[in-house]
Amino acid sequence: AQSVTQLGSHVSVSEGALVLLRCNYSSSVPPYLFWYVQYPNQGLQLLLKYTSAATLVKGINGFEAEFKKSETSFHLTKPSAHMSDAAEYFCAVSDQSGNQFYFGTGTSLTVIP
Amino acid sequence: EAGVAQSPRYKIIEKRQSVAFWCNPISGHATLYWYQQILGQGPKLLIQFQNNGVVDDSQLPKDRFSAERLKGVDSTLKIQPAKLEDSAVYLCASSSLSGGSSPLHFGNGTRLTVT
């Protein structure tokens, strides 16, 4: 069975600082990996996805993530945090068939002015 | 393209009452999902449809929850009778392909409060 672990339920960064949100997956075969963002009272919005092409994936709003098979990780980064980045971020994994789509427990990002 | 539509946005009911949520996926999306998101947690899959057939309902509490997607388009999720622990946001999502690389597109959810 697939699973994802997000280390750190709360992360605070200063405006302009590097954002690093951690995600590790558990899978016996290379999975598909996704990052979603959720703003208050809204649904989840896709930031980026890894589907076995390039290991460094660029997404919307300046975010990117790197797939590292040796570390079973898919950490999300952004070089410079903006106040508008404050939200809940979810890592998700899907298997090859698409019949299993699992979300992590989420990381709440706070950006300090 | 129009996104995933859900209604109502908010619902407050008393325990033991029944409630229904409606979802209209993105046009042409064959796969539809219902997730339950309890405050502070990640979404938990309740049921997945492929067209009008159920792919996975292993985590649906079938004694009180039911869902249908009769014509392979819109879907309803019902809870009867509701319990206090059903208070959550119910998210509907759809995807275009059955393969695992297709991202999910989410609606804004229905926030249910059971008192």
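Everything below is about the structure shown above.
Computed from a prediction, not measured in an experiment: that's the story for all the values here.

Topic: the state of the cysteines
Okay, step 1: Tallied over the entire structure, the rule returns 2 disulfides over all chains.
Okay, step 2: There is a disulfide in this structure between C23 of chain A and C91 of chain A, and the S-S distance comes to 2.0 Å. Handedness of the C23 of chain A-C91 of chain A disulfide follows from its S-S torsion of about -60°: it is left-handed. Of this pair, C23 of chain A sits in the loop between β3 (19–21) and β4 (24–26) while C91 of chain A is found in strand β10 (residues 87–94), placing the two residues 68 residues apart along the sequence.
Okay, step 3: Under the relative-accessibility criterion, C23 of chain A is labelled buried at 0%.
Okay, step 4: Between the sulfur of C23 of chain B and that of C92 of chain B lies a disulfide, 1.9 Å long from S to S. Judged by the sign of its S-S torsion, about -70°, the cystine formed by C23 of chain B and C92 of chain B is left-handed. Remark: C92 of chain B occurs in strand β9 (residues 88–95) and C23 of chain B occurs in strand β3 (residues 19–24); sequence separation between them is 69 residues.
Okay, step 5: According to the relative accessible area criterion, C23 of chain B is buried, its value standing at 0%.
Okay, step 6: According to the relative accessible area criterion, C92 of chain B is buried, its value standing at 0%.

So, the layout of surface pockets
Okay, step 1: Of the voids in this model, the largest pocket is the one considered here, and its volume is about 410 Å³.
Okay, step 2: Contributing to the lining of the largest pocket are 24 residues, with Q38 of chain A together with Q37, L39, V89 and R111 of chain B lying nearest its centre.
Okay, step 3: Elements with a contribution of two residues or more to the lining of the largest pocket: β10 of chain A together with β9 and β11 (110–114) of chain B.
Okay, step 4: The residue makeup of the lining of the largest pocket, split by class, is 11 nonpolar, 10 polar and 3 charged.

Topic: the environment of K44 of chain B
Residue and element names in this part refer to chain B.
Okay, step 1: Structurally, K44 can be placed in strand β5 (residues 44–50).
Okay, step 2: Considered as a pair, K44 and L60 are 16 residues apart in the sequence and their alpha carbons are 9.9 Å apart.
Okay, step 3: Residues contacting K44, with those up to four places away along its chain left out, are W34, Y35, Q36 and Q59.

A few points about the sheet that holds strand β1 (residues 5–7) of chain B
Residue and element names in this part refer to chain B.
Okay, step 1: The sheet built from 4 strands is open, its strands ordered β1-β3-β8-β7 with antiparallel pairing. Looking at strand neighbours, the two that pair on one side only are β1 and β7 (65–68), the edges of this open sheet. The mean inter-strand angle of the sheet, taken between neighbouring strand axes irrespective of direction, is 15°.

Some words on the packing of aromatic side chains
Okay, step 1: Tallied over the entire structure, the rule returns 15 aromatic pairs over all chains.
Okay, step 2: Residues F34 of chain A and Y36 of chain A carry aromatic rings whose centres are separated by 6.4 Å and whose planes lie at 35° to one another, so their mutual orientation is tilted. An identical accessibility class is assigned to F34 of chain A and Y36 of chain A; each is buried.
Okay, step 3: Ring centres 6.4 Å apart and planes at 40° place the aromatic pair F65 of chain B and Y90 of chain B in the tilted group. Of this pair, F65 of chain B sits in strand β7 while Y90 of chain B sits in strand β9, and the two are 25 residues apart along the sequence. This pair shows no difference in class: F65 of chain B is buried, exactly as Y90 of chain B is.
Okay, step 4: An aromatic cluster is built from F34, Y36, F101 and F103 of chain A together with Y33, Y35 and F106 of chain B, whose rings are joined through pairwise contacts.

A closer look at the interface of chain A and chain B
Okay, step 1: Listed per partner, the contact involves 23 residues of chain A and 24 residues of chain B.
Okay, step 2: Across the chain A to chain B interface the summed buried area is about 1700 Å²; carbon plus sulfur atoms make up 49%.
Okay, step 3: At the surface where chain A touches chain B, the tally comes to 0 salt bridges.
Okay, step 4: Between chain A and chain B we count 6 residue pairs in polar contact (both at pLDDT 80 or more) in total.
Okay, step 5: Those elements giving two or more residues to the side of chain A that touches chain B turn out to be β5 (32–38), β6 (44–50), β10 and β11 (101–103) of chain A.
Okay, step 6: Among the elements that take part in the side of chain A that touches chain B, β5 of chain A stands out by supplying 4 residues, more than any other.
Okay, step 7: For the side of chain A that touches chain B, the class distribution of residues is 8 nonpolar, 13 polar and 2 charged.

Reading the values: the criteria
- Residues numbered from 1 in each chain as written.
- Chains lettered and ligands numbered in written order.
- Predicted model: local features only at pLDDT ≥ 70, side-chain atom pairs only at ≥ 80, totals over all residues.
- Heavy atoms only, no water.
- Disulfide = S-S within 2.5 Å.
- Helix = DSSP H or I, 4+ residues; strand = E, 2+ residues; numbered from the N terminus.
- Buried < 20%, exposed > 50% of the residue type's maximum accessible area, 1.4 Å probe, protein only.
- 1 Å grid on protein atoms, 1.4 Å probe; cavity = no way out; pocket = protein on both sides within 12 Å on 5 of 7 lines; lining within 4 Å.
- Points joined across faces, edges and corners; volume = space filled by probe spheres on them.
- Nonpolar A, V, L, I, M, F, W, Y, C, P; charged D, E, K, R; others polar.
- Contact = heavy atoms within 4.5 Å.
- Pairing = 2+ DSSP bridges.
- Axes fitted to C-alpha atoms, helices over the stretch in contact; angles between N-to-C directions.
- Phe/Tyr/Trp six-rings, centres within 6.5 Å; stacked < 30°, edge-to-face > 60°.
- Buried area = accessible area lost by both parts, 1.4 Å probe.
- Salt bridge = Lys/Arg side-chain N within 4 Å of Asp/Glu carboxyl O.
- Polar contact = N/O pair within 3.5 Å; in protein donor to acceptor, adjacent residues only side chain to side chain.

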